[in-house]
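Survey of secondary and tertiary structure
So the chains spell out like this:
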Amino acid sequence: MVHQAEYLTGRGTEISSILAGGYAHPLTREWQNERQLTKNMFIYPLFISDSPDEEFLIETLPGQKRWGVNKVVPYVGELIKKGLRSVILFGVPLKNGSKDPEGTSADDPEGPVIQATKALKAAFPDLYIMADVCLCEYTSHGHCGVLFEDGTINRVESVKRIAAVAVNYAKAGVDCVAPSDMIDGRIREIKLGLIEANLAHKTFVMSYSAKFSGNLYGPFRDAACSSPGQGDRRRYQLPTGGSGLARRALRRDIEEGTDGIICKPSTFYLDVMAQAAEIGKDYPICAYHVSGEYAMLHAAAEKGIVDLKTIAFEANNGFLRAGARLIISYFTPDFLEWLD
Ligand code: PBG
Ligand code: ZN
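I will try to describe carefully the structure that is included in this document. Note that the coordinates shown come from a computational prediction; the quantities given were computed from them, not determined experimentally.

**What to know about the site of ligand 1**
Neighbouring residues of ligand 1: 18 residues in total, closest Lys211, Arg221, Lys264, Ser291 and Tyr330. Note that a nitrogen atom of ligand 1 is positioned 3.1 Å from one of the side-chain N or O atoms of Ser180. Side-chain polar atom of Arg221 to an oxygen atom of ligand 1: 2.7 Å apart, as the coordinates give it. Considered class by class, the residues forming the shell around ligand 1 number 10 nonpolar, 3 polar and 5 charged.

Rendered as structure tokens:
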């Protein structure tokens, strides 16, 4: 007697070669995900200026705005109703004279990050507030640290200044500090600063450990007015081919006491993310879907090359496959709707 399956498919078909039955239904397709995208994975970047009533559309970052403190609170309130759990703040000082070689305005008590932290915490005590810690938005030269006269990074002075800024953000009430400067030794300096200030037990240190230099941060620098005046960031951000350096930076930041790891950019560096998930398997790994990647997907969708929602899911599922558990994304408001 010929078995019915054999009769239909022809002889020689291995039973195990038929995979399609495993994902024929929308639900079984979702069952194939080792991890599901959920709203609590998303961290929304917010650009906050020192002009309290600003609401400025950033042309190169579609749909994203730079906010004054007064305007950002009601906007975040709307997103919280849709399920937003966390934001990461970037300060943008616009006032004349607010930039100097040491980035003094980074932790100005009247400055945008500290003011926005206080306003958001007062309005939404449960919102998890992260602060990007860097000097480039606040320095007159636009570099991420303090410089020697020859324009190279003064490491010792830089990490001291960056740690002081991180501690002041924590004092103001941020739940997490995320140093993005990539200058050697800052995680240790920040941890020590938090310990001395009695804040280490309640402040998460999220290191941008594997951050590569390249061509994908342009819209961010428009939004944050943080392009370097001279030179570029290649002396402190990793070279794109440097996966060995990324592994060393990851191990180093783990040894220095980081609580979590950011990989950035994301789509072009999924191998690095997968290695970070391996090296840092005991740590939450966060993908930063950066401004250039976001803008590129929008541009492609506008040209009809891709469908925006489908491609956004495809990108983010890639981050999860690679091992990320958290995602910093300008798509966050969209996903809060898409994941309903
Ligand atoms: C500041 C910082 C940058 C980004 C995050 N923090 C810019 C840079 O390093 O030049 C980029 C984020 C993005 O492009 O969305 N150091
Ligand atoms: Zn910087």
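**Quick look at helix H10 (residues 291-302)**
End to end, H10 covers 16 Å across 12 residues, agreeing with the expected 16 Å (1.5 Å per residue, within 8%). Within H10, the full set of buried residues consists of Ser291, Gly292, Glu293, Tyr294, Ala295, Leu297, His298 and Ala300. At the exit of H10 stands Gly304, carrying a positive phi of roughly 80 degrees.

**Overview of the environment of Val159**
Here Val159 lies in helix H5 (residues 155-172). Classification of Val159 as buried rests on a relative accessible area of 4%. As for Val159 and Gly145, which are separated by 14 residues in sequence, their C-alpha atoms are 7.7 Å apart. In this view, Val159 contacts Ile183, Asp184, Gly185, Arg186 and Glu189; residues no more than four positions away in its chain are not counted.

**Focus on the coordination of the zinc ion (ligand 2)**
Distances from the zinc ion (ligand 2) to its protein donors, Cys134 (SG), Cys136 (SG) and Cys144 (SG), fall within 2.2 to 2.3 Å. The coordination sphere of the zinc ion (ligand 2) comprises 4 donor atoms, whose angles at the metal cover 99 to 119 degrees; the geometry is tetrahedral. Counting the intervening residues between successive donors of the zinc ion (ligand 2) yields the motif C-x1-C-x7-C. A residue pair is termed long-range when its members are at least 10 positions apart, and Cys134 in the loop between strand E5 (128-133) and H5 and Cys144 in the loop between E5 and H5 qualify at 10 residues. For the pair formed by Cys134 and Cys144, the shared burial category is buried.

Rules used in this analysis
- Residues numbered from 1 in each chain as written.
- Chains lettered and ligands numbered in written order.
- Predicted model: local features only at pLDDT ≥ 70, side-chain atom pairs only at ≥ 80, totals over all residues.
- Heavy atoms only, no water.
- Near = heavy atom within 4 Å.
- Polar contact = N/O pair within 3.5 Å; in protein donor to acceptor, adjacent residues only side chain to side chain.
- Nonpolar A, V, L, I, M, F, W, Y, C, P; charged D, E, K, R; others polar.
- Helix = DSSP H or I, 4+ residues; strand = E, 2+ residues; numbered from the N terminus.
- Expected span 1.5 Å × (residues − 1).
- Buried < 20%, exposed > 50% of the residue type's maximum accessible area, 1.4 Å probe, protein only.
- Contact = heavy atoms within 4.5 Å.
- Donors = N, O, S within 2.8 Å, 3.2 Å for Na, K, Ca; no water.
- Tetrahedral: all angles 85-135°; square planar, octahedral: opposite > 155°, others 65-115°.

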